[in-house]
Amino acid sequence: MLSATEIQKIIPHRYPFLLVDRIIELEPMKRAVGIKNVTITEPFFQGHFPGHPVMPGVLILEAMAQVGAVAALYPPENRGKVALFASIDRVKFRKPVVPGDQLQMVAELIKVRGGMGKLWCEAFVDGQVVAEGELMFALS
């Protein structure tokens, strides 16, 4: 298990853009499972949407990508690198994510070759899939 402080030693994201609170499972270069506790104090809820707060889908994708980045950047030879989006495919949003939800995100590395990789990611709230998609990244 990795805390937010330990996650910050692996990926470069910082508040308010660190969207993973904890990693609860990790198989470097294979799979990671992370948690994001969604609270009403998140800065994006001020404008998305007043009176009807919903976590933006692009931030759910970013949170899933950060979990995958922990798996990809954990090995010592990848430390200090940055994983950048190369493509996003087959994305589906199935249910809104709202304050009080806990996102559990699973990221599995499908393929890594050279400086490129592909992830299959899913996000769950209370065991139900809320988002899923295939994310491709480039290491720089």
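Note: the structure precedes this text.
About the thresholds
Residues numbered from 1 in each chain as written. Predicted model: local features only at pLDDT ≥ 70, side-chain atom pairs only at ≥ 80, totals over all residues. Heavy atoms only, no water. Helix = DSSP H or I, 4+ residues; strand = E, 2+ residues; numbered from the N terminus. Contact = heavy atoms within 4.5 Å. Expected span 1.5 Å × (residues − 1). Buried < 20%, exposed > 50% of the residue type's maximum accessible area, 1.4 Å probe, protein only. Pairing = 2+ DSSP bridges. Axes fitted to C-alpha atoms, helices over the stretch in contact; angles between N-to-C directions.

Its location among the elements puts A86 in strand β3 (residues 83-93). For A86 and G117, which are 31 residues apart along the polypeptide, the C-alpha to C-alpha distance reads 9.0 Å. Sequence-distant contacts of A86, defined by excluding residues within four places in its chain, comprise M116, M136, F137 and A138.

What follows deals with helix α2 (residues 57-73). Owing to its 3.6 residues per turn, the α-helix brings residues three or four apart onto one side. With 17 residues, α2 extends 24 Å from end C-alpha to end C-alpha; this agrees with the ideal 24 Å at 1.5 Å per step. Most of α2 is tucked away: 15 of the 17 residues are buried.

Along strand β2 (residues 31-37), five of the seven residues are buried, which leaves the element largely enclosed by surrounding structure. Examined bridge by bridge, strand β1 (residues 22-27) and β2 share five bridges and lie antiparallel to one another. Pairing of E25 across the sheet is with V33, part of β2. Hairpin connection, β1 to β2: the antiparallel pair is bridged by three residues, and M29 has positive phi, about 65 degrees. As paired strands, β2 and strand β4 (residues 102-113) are joined by seven bridges and run antiparallel to one another. By the bridge assignment, K36 is partnered in β4 with L103.

This brings us to the sheet that holds β4. Taken in spatial order, the six strands of this open sheet run β1-β2-β4-β5-β6-β3, and their pairing is antiparallel. Strands at the two margins of the open sheet, each flanked by one partner only, are β1 and β3. Strand-to-strand twist across the sheet, computed as the mean angle between neighbouring axes with direction ignored, equals 20 degrees. The pairing of β4 with strand β5 (residues 116-125) spans nine bridges and is antiparallel.

For the bond from Y15 to P16, the omega torsion is 5 degrees, close enough to zero to count as cis. With respect to the helices and strands, P16 occurs in the loop between α1 (4-7) and β1. Residue F49 is bonded to the preceding H48 through a cis peptide linkage, with omega at -5 degrees. One can find F49 in the loop between β2 and α2. Notably, R90 is not glycine yet its phi reads approximately 50 degrees, a positive angle. With respect to the element layout, R90 can be found in strand β3. A residue is classified by how much of its surface remains accessible, and R90, at 57% relative accessible area, is exposed.

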